[in-house]
Protein chains: 2
Amino acid sequence: MRSHGQAAWELLLPAAAAPARRRGRALQEALREAERSGRLAAGTRLPSTRALAADLGVSRGLVTEAYEQLTAEGYLRSDRGAGTWVGDAARSRLGGAPAPGATPDPGGETRAGKALDALGPRPATPARGAGAPAVRVDFRPGTPDLSLFPRAAWSAAQRAVLARLPHPALGYPDPRGLPELREALAGMLTRRRGVVADPERLVVCSGVAQASSLLGFVLRSRGLDAVGIEDPGSPEHGRLFASTGLDTVWLPLDEEGLRPEPLAASGVRAVVVTPSHQFPSGISWSAERRAALLDWARAVDGYVLEDDYDGDFRYDRAPVGALQGLDPERVVYTGSVSKSLAPGLRLGWMLVPEALLAEVVERKRTMDLGNPVLDQAVLAEFVTRGAYDRQLRRCQRAYRERRDALLSALAEHLPGTGVSGIAAGLHVIARVPGRYGPTERFLARSAEAGVALRPLEEYGTARPGDGDVRLVIGYAHLAPAVVTAGIRMVAEAVGRE
Amino acid sequence: MRSHGQAAWELLLPAAAAPARRRGRALQEALREAERSGRLAAGTRLPSTRALAADLGVSRGLVTEAYEQLTAEGYLRSDRGAGTWVGDAARSRLGGAPAPGATPDPGGETRAGKALDALGPRPATPARGAGAPAVRVDFRPGTPDLSLFPRAAWSAAQRAVLARLPHPALGYPDPRGLPELREALAGMLTRRRGVVADPERLVVCSGVAQASSLLGFVLRSRGLDAVGIEDPGSPEHGRLFASTGLDTVWLPLDEEGLRPEPLAASGVRAVVVTPSHQFPSGISWSAERRAALLDWARAVDGYVLEDDYDGDFRYDRAPVGALQGLDPERVVYTGSVSKSLAPGLRLGWMLVPEALLAEVVERKRTMDLGNPVLDQAVLAEFVTRGAYDRQLRRCQRAYRERRDALLSALAEHLPGTGVSGIAAGLHVIARVPGRYGPTERFLARSAEAGVALRPLEEYGTARPGDGDVRLVIGYAHLAPAVVTAGIRMVAEAVGRE
């Protein structure tokens, strides 16, 4: 059973935008055309009528009618209760269909040579083997599934917001953010992440990258000259802090969190950490290390930037509360909607200690005067009405299914592979046995087969000498069947028969 | 004849958001209630049915019906072809109505203690006489009329955008901006402002303030330590450039533009100017001074930031082309939608010389990774479909009417007042004869009467000794009747009988 490639929904969007009286027919024609052109390959599973209707912003009845019509025509095959697939009849029509399970790089256009949000995931360098075949399956971490963005609900909220927002709200914004959004976010973060969230201490910003820049400037103006980052961690932090005049220092991590001695010896007075689900290792910091970090911060009169980049996606256990809840005067907490809604919204938040608040707000003001108000008002509406929680549940279900597909595929096609960091987030760490290696060959062969991968060693200074191939595998943006196909393609490419 | 205060439309918005079947009745009830409560005072002129329908996002028929019904009931009075007013019948019901013509500070909530876009207009300090009566008419410059924001058209464009935008466009943005917006803006700016606009040189940013910060950082990293600003000009630039590590140097202006000798002697290698309609003096730089400035920039290997803050609003003559068109390699051109649509959108642009482009884009990237994509796509739609041009014409008509009301009121109530900078923009400079002064008394008396004014001397170093009272009067955000009433209130307060 294969699942739908994202590209299909793009094909259907113009049909969904057709005038109401032609919309149903336009949708059916677009579906047929998607199959004929090979964009929807035989065996592809279609989403539920409810899900597709929500994605396209059309009525569910319209989608149901289209499925029924095309099933009658043989384009689709439907099993009661088990879903709808692209049928056999269509297969015979296919010309140059794409390889089964492969999908065009869903984030391709927005990725190449561009940066991603702070800590997480930065597919900055092209996959190994530039000049090699085009990327057919892209496992580089960093992008959520953009087709999960709730277009219809967002559109309805936009309309409601424009109908009710008083005129003065369209004027120059409060640099801290729209009061109604700060109120809504404070409640949501308190409830979901166990932070201490006073709306007066919350600053709406454009995301974790801007939060890092804001804090970097404030720390620099207080005389700091370096910030510590986790090793392994995200090299992108180096670029962000460099733009504020700060150096970055790699600080070694073990399986419990930052090691206390190198931290103390480093001389830094500020660190960036991901204690809930460390990026990229996936560990959750131990309680002792959390306490030790805060003791250190108090002792050196320092600050901790907690990047809660994927705190919303937990699969097998209760969420780990944010570090900020333990000491709101030493921890700057930051998060965004980049993984839960869309990075293109450029909307995030930070909770700021009292001692830094005025300077952070003034920096935000000179940087851009404050975030745009309309998206802020829409997000406030989303959070207040429960639509944001629903969206998180929807993403969580989808991502867990993809993670499970990845774990199964690794076990089946690359047996012996150890996997860690699986309890949360949008990626895992895979340690592929040395017999498939070495790493250079593994990456080159995969790239030749059209699979883009990122090795763990790009995220820090460690160069383990055990011969295993360590990968950071992002799966959230890929349909389960694509995940499975991609791992199979890797196994075939690197196999040593 | 008085015109509607802005507050009234806020009162009507909840009614416009009512379910369709109840919307007509809700609108009528809201209008009645607005009159009863005194928010719509007797004699207030109502907008045309077309305008109100557009503002509220409801059908014109609904508004026509409401007007007819309330006219029949005596709430409204209608003169064929001349408009609709709040009628006499309503007047008798009024309790504590606001003073005729006065309006609650329309930007009040978003103003106090907050900053405005760069150059322009910054009502940063409260009106003189803090502790005095509340502001009833606010002539401080800087805010457009937020009720002119085309809510219905914007909402429709949002919906269209969400229906057609391909999924990858929701991912991490291009830090330079959405390609379709850069294309649309380049065409629009070439046509309207005579700039040389290559989409590859256009960077979408959050407004003129961010453009100043971006350029400031880039110039600082090239070793510059100061930027020249026009005197008189906007003190806000000092704060923006200070945040990038640059000092600011006031450079004296005469009636033709920046005086060449002090510029040459200052030692700076970058200046910020407003040559099309200088803020606040209102002059348009002479051709000689434009050429001299560019000669200077080439000679010192320097740069000019051209803030085209109100280049779109010309009343009595053809627009003056932007300076950038004369030398795109020496001039960084910047503008925004803050005066034409709404400051809350935080959406602007800059055209960047080739030599600075990569650094500006990298700064934009580390500042926020790029502007949010949805508003960018909506603006692209607006520009491409001609809706942006229509909006500019609509604002231009409204603002010209208000300017004319201001000039008439000054001539009638403060005779002898000289007015300059009237050909364009959202404000004028008024030189009130010394017999109404001195300035301190003039401002204090006006504040006691509830009228907020800003003296010219807050915008630079000059302290003219001729005894006249020099004011920067913003009028764009005030209905004509409010403008007239405000000037009358000032005249009554400062009169020397």
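Everything quoted here is computed from the prediction, not taken from an experiment.

### Digging into the overall build of chain A
When helices and strands are counted, chain A shows 17 helices and 18 strands. Taken across its 497 residues, chain A has 63% of its residues classed as buried. Surface accessibility of chain A: about 17,400 Å² in total, with carbon and sulfur atoms responsible for 51%.

### Digging into a positive patch on the surface
Residues and elements named next belong to chain A. Among the surface-exposed residues, R390, R393, R397 and R400 lie close enough to one another that they form a single positively charged patch. Structurally, R393 is set in helix α15 (residues 387-413). For R393, a relative accessible area of 48% puts it in the partly exposed group.

### Points about the domain arrangement of chain A
Residues and elements named next belong to chain A. Each assigned domain of chain A is listed here: domain 1 (2-86), domain 2 (109-141 + 390-494) and domain 3 (151-385). Measuring from the centre of the C-alpha atoms in domain 2 to the corresponding centre in domain 3 gives 26 Å. Contacts between the two partners involve 33 residues from domain 2 and, on the opposite side, 38 residues from domain 3. Summed over both partners, the interface of domain 2 with domain 3 comes to about 2,900 Å²; 60% of that surface belongs to carbon and sulfur atoms. Here domain 2 and domain 3 share 0 salt bridges between them.

### Concerning unusual backbone geometry
With an omega of 0°, the peptide bond between G437(A) and P438(A) qualifies as cis. Along the polypeptide, P438(A) turns up in the loop between β15 (427-432) and α16 (439-448). Cis rather than trans, the peptide bond between F279(B) and P280(B) has omega equal to 5°. Take P280(B): it is sitting in the loop between β10 (270-273) and α12 (287-299). Positive phi outside glycine occurs at R346(B), with the angle close to 45°. Locating R346(B) in the fold gives a position in the loop between β12 (331-336) and β13 (348-351). Taking the relative accessible area as the measure of exposure, R346(B) reaches 0% and is therefore buried.

### Topic: the sheet that holds strand β14 (residues 418-420) of chain B
All names here are of chain B. Pairing is antiparallel across the open sheet formed by 4 strands, whose spatial order is β14-β15-β18-β17. The outermost strands of the open sheet, each flanked by one partner alone, are β14 and β17 (454-455). One ladder, built from 3 bridges, connects β14 with strand β15 (residues 427-432); its direction is antiparallel. When the bridges of β15 are listed, V419 appears paired with A430. Contacting β15, β17 and β18 (469-474), helix α16 (residues 439-448) runs over the sheet at an angle of about 40° to β18.

### Overview of the relation of the copies chain B and chain A
Mapping chain B onto chain A calls for a rotation angle of 180° and an axial translation of 0.0 Å; the resulting RMSD is 0.1 Å. One copy is carried onto the other by what is essentially a two-fold rotation axis. Here 100% of the contact residues of chain B are again contact residues in chain A; the copies associate through an equivalent surface.

### Re the sheet that holds strand β8 (residues 247-254) of chain B
Residues and elements named next belong to chain B. Taken in spatial order, the 8 strands make up an open sheet running β6-β13-β12-β11-β10-β7-β8-β9, and their pairing is mixed. The outermost strands of the open sheet, each flanked by one partner alone, are β6 (202-205) and β9 (257-258). Here 4 bridges tie β12 to β13, and the two strands are oriented antiparallel to one another. Following the sheet pairing, T334 is matched in β13 by M350.

### Focus on the confidence of the model for chain A
All names here are of chain A. Per-residue confidence for chain A gives a mean pLDDT of 84, with 84% of residues at or over 70. pLDDT under 50 marks residues 1-8. Its contacts with residues more than four places away, or in other chains, come to 34 contacts. We note a pTM of 0.76 for the whole complex and an ipTM of 0.75 for its interfaces.

### Some thoughts on the pattern of salt bridges
Here the structure, examined in full by the defined rule, presents 52 salt bridges over all chains. When the shortest N-O distance is used, the salt bridge between D174(A) and R182(A) registers 3.6 Å. Of the two residues, D174(A) and R182(A), both sit in the buried class. For D138(B), the salt bridge goes to R140(B), with nearest N and O atoms at 2.7 Å. With respect to burial, D138(B) and R140(B) carry one shared label: buried. Taken together, the salt bridges that share partners define one network made up of R164(A), E180(A), E381(A) and R385(A).

### With respect to the side chain of T417(A)
Residue and element names in this part refer to chain A. Take T417: it is sitting in the loop between α15 and β14 (418-420). With relative accessibility at 16%, the residue T417 sits in the buried group. Only 2.6 Å separates the side chain of T417 from the backbone oxygen of L414, close enough to count as a polar contact. Filtering out sequence-adjacent residues up to four positions away, T417 remains in contact with A430, R431, V432 and P433.

### So, the pairing of strand β12 (residues 331-336) of chain A
Residues and elements named next belong to chain A. Taking burial as the measure, the 6 residues of β12 include 6 buried ones, the bulk of the element. Residues of β12 alternate between two faces, with V331, Y333 and G335 on one and V332, T334 and S336 on the opposite face, all of them buried. Taken together, the 4 bridges between strand β11 (residues 303-307) and β12 define a ladder with parallel strand orientation. Each residue of the ladder has a partner; that of L305, found in β12, is V332.

### Points about helix α3 (residues 49-56) of chain A
Residue and element names in this part refer to chain A. Buried within α3 we find T49, L52, A53, D55 and L56. For α3, the angular spread of the buried residues around the axis is 165°, confining them to a single face. Phi turns positive one or two residues past the end of α3, at G57, with a value near 70°.

### Description of the pairing of strand β18 (residues 469-474) of chain A
Along any regular strand the residues' side chains alternate between the sheet's two faces. All names here are of chain A. Where burial is concerned, most of β18 is hidden: 5 out of the 6 residues are buried. Judged from the 6 bridges that link them, β15 and β18 form a sheet pairing that is antiparallel. Bridge pairing in β18 links H427 to G474.

The rules behind each value
- Residues numbered from 1 in each chain as written.
- Chains lettered and ligands numbered in written order.
- Predicted model: local features only at pLDDT ≥ 70, side-chain atom pairs only at ≥ 80, totals over all residues.
- Heavy atoms only, no water.
- Helix = DSSP H or I, 4+ residues; strand = E, 2+ residues; numbered from the N terminus.
- Buried < 20%, exposed > 50% of the residue type's maximum accessible area, 1.4 Å probe, protein only.
- Areas by Shrake-Rupley, 256 points an atom, 1.4 Å probe, with all protein chains shown as cover.
- Patch = residues over 30% accessible without salt bridge, like charges linked within 9 Å, V, L, I, M, F, W, Y side chains within 5 Å.
- Salt bridge = Lys/Arg side-chain N within 4 Å of Asp/Glu carboxyl O.
- Lys, Arg positive; Asp, Glu negative; His and termini not counted.
- Charge placed at Lys NZ, Arg CZ, Asp CG, Glu CD.
- Domains from an automatic or database assignment.
- Contact = heavy atoms within 4.5 Å.
- Buried area = accessible area lost by both parts, 1.4 Å probe.
- Pairing = 2+ DSSP bridges.
- Axes fitted to C-alpha atoms, helices over the stretch in contact; angles between N-to-C directions.
- Least-squares fit on C-alpha atoms with pLDDT ≥ 70 in both.
- pLDDT = per-residue confidence, 0-100.
- Polar contact = N/O pair within 3.5 Å; in protein donor to acceptor, adjacent residues only side chain to side chain.
- Arc of directions from axis to C-beta.

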